[in-house]
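Okay, here's what each chain looks like letter by letter:
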Amino acid sequence: MPAPRRSNRKEDILQALAAMLQSNNGQRITTAALAEKVGVSEAALYRHFPSKARMFEGLIEFIEDTLLSRINGILDEHKDTASRTELILQLILVFAERNPGICRILTGDALQGEQERLQERVVQLFEKLETQLKQCLRERKLREGKGFSIDEGELANLLLATVEGKLSQFVRSGFSRLPTQHWANQWTQLQQVLFS
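Draft legend 1. Up close: the side chain of Arg140. Within the element layout of this structure, Arg140 appears in helix 7 (residues 116–144). Ignoring anything within four residues of it in the chain, the contact list for Arg140 reads Thr81, Gly145, Lys146, Gly147, Phe148, Leu194 and Phe195.

Draft legend 2. Representation of the pattern of salt bridges within the structure. Applying the stated criterion across every chain, the model contains 13 salt bridges. In this structure, the salt-bridge partner of Glu139 is Arg143, at a minimum N-O distance of 3.4 Å. Here the residue Glu139 and the residue Arg143 both occupy positions in helix 7, the gap between them amounting to 4 residues, near one helical turn. Between Glu144 and Arg140 there is a salt bridge; the shortest N-O distance is 3.4 Å.

Draft legend 3. Spatial organisation of the packing of aromatic side chains. Taken as a whole, this structure holds 5 aromatic pairs when the rule is applied. Each ring, one from Phe170 and one from Phe175, has its centre 5.1 Å from the other, and the planes form 65°; the classification is edge-to-face. Just as Phe170 is buried, Phe175 falls in that class too. Cluster of aromatic residues (ring-pair linked, three or more members): Phe148, Trp183, Trp187 and Phe195. Here the basic side chain of Lys10 rests over the ring of Phe49, its NZ or CZ set 5.3 Å away from the ring centre.

Draft legend 4. How the structure looks around the packing of helix 5 (residues 81–98) against helix 9 (residues 183–194). Between helix 5 and helix 9, the least distance of the axes is 12 Å, while the angle of their chain directions is 150°. Of the two possible hands of crossing, helix 5 and helix 9 adopt the one that is right-handed. From helix 5, Ala82, Thr85, Glu86, Leu89, Gln90 and Leu93 reach across to helix 9, where they touch Trp183, Trp187 and Gln191. For the contact of helix 5 with helix 9, the residue count by class is 5 nonpolar, 3 polar and 1 charged.

Draft legend 5. Quick peek at the packing of helix 8 (residues 152–172) against helix 9. Running from N to C, helix 8 and helix 9 point in directions that differ by 165°, and their axes come no closer than 13 Å. Here helix 8 is positioned roughly antiparallel relative to helix 9, judged by the angle of their axes. Helix 8 and helix 9 meet at a crossing whose hand is right-handed. Contacts between helix 8 and helix 9 involve Leu155, Leu159, Thr162 and Lys166 from the former and Trp183, Gln186, Trp187, Leu190 and Leu194 from the latter. In the contact of helix 8 with helix 9, the residues fall into 6 nonpolar, 2 polar and 1 charged.

Calculation notes
- Each chain has its residues counted from 1, following the order in which its sequence is written.
- Residues qualify for local features only when their pLDDT is at least 70, as the model is predicted, and side-chain atom pairs are given and counted only at 80 or more; totals for whole chains, interfaces and linings, by contrast, use all residues.
- No hydrogens and no water enter the side-chain calculation; it runs on all heavy atoms of the structure.
- A helix here means a DSSP run of H or I that spans at least four residues, while a strand means a run of E at least two residues long, and both kinds are numbered starting from the N terminus.
- The contact criterion used is simple: two residues touch if any of their non-hydrogen atoms lie within 4.5 Å.
- Here, a salt bridge means any Lys or Arg side-chain nitrogen found within 4 Å of an Asp or Glu carboxyl oxygen.
- Pairing of aromatic side chains requires ring centres within 6.5 Å, counting the rings of Phe and Tyr and the six-membered ring of Trp. Pairs whose planes differ by under 30 degrees are stacked, by over 60 edge-to-face, and all others tilted.
- To sort residues, take the accessible area from a 1.4 Å probe on protein chains only and compare it with the maximum for the residue type: under 20% means buried, over 50% means exposed, and anything in between is partly exposed.
- Charge-over-ring placement is defined geometrically: NZ (Lys) or CZ (Arg) within 6 Å of the ring centre, and within 35 degrees of the ring normal.
- The convention used is that axes are lines fitted to C-alpha atoms, helices contributing only their stretch in contact, and that angles between N-to-C directions extend from 0 to 180 degrees.
- By definition, any crossing whose near helix is turned counterclockwise from its far helix by less than a right angle is left-handed, and any crossing with a clockwise turn is right-handed.
- Basically, the charged four are Asp, Glu, Lys and Arg, the nonpolar ten are Ala, Val, Leu, Ile, Met, Phe, Trp, Tyr, Cys and Pro, and anything else, Gly included, counts as polar.
- For classification purposes, angles smaller than 35 degrees are called roughly parallel, those larger than 145 roughly antiparallel, those between 65 and 115 roughly perpendicular, and all remaining angles oblique.

Rendered as C-alpha cells:
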C-alpha cells in the first residue's frame, strides 16, 4: 500500500496566508501568527520562504499564473471579440470573488506597509491583463472587420478600470458586495454600447 502523500508545505503556507488575508481584514499579518496558523515554527516558515515578501510574491505568482493561463484558454476556445472580452473580465471578477484574501492583494490593500516591490508586481500583473485585453480588442479588426469608436488601448484601460472598481468595492465592503453582483446586466449594457 503506497504511503499517503505528504502535503506541500509551501502550498500550505500560501493557503494559510490567503485565508488570513481574508479574515484579518485591514490588519498586518505577522510571521508568528502565520506560523501558528500553519502549525509550524517561524524557522520552518523561513526554510520554505526566505522572507514574508517572498510569501506574498508566491501568492502574486499564483494569481498571475492562474489568470494568464485561463485567459490563454479563453483566447484559444473563443474567436468572437465580445465573448472573449466578457469571459476575460468575468474570469477576473469570479477569481477575486472566490479568493477574497487574494483580492486584497489585487487591490493593494494587503500590501500596505509591505515592500514596495510587491506593489510593483501587482502593477505589472494589471499591465499584463490590460495588454491581453488590448490585443483581444485589436484583433476584432482582423477577425470581424470592425473597429471601435475609441482606441483599443483606451477601451482596454476603461474595461479593466471597471473591474478594478468592482474589486475595490468588494474589499471595502468587507467582502459583502460581490464583484459579480449586477455584472450580467452591466456587461449587457457595455456590450450594446461597445460592440454594436
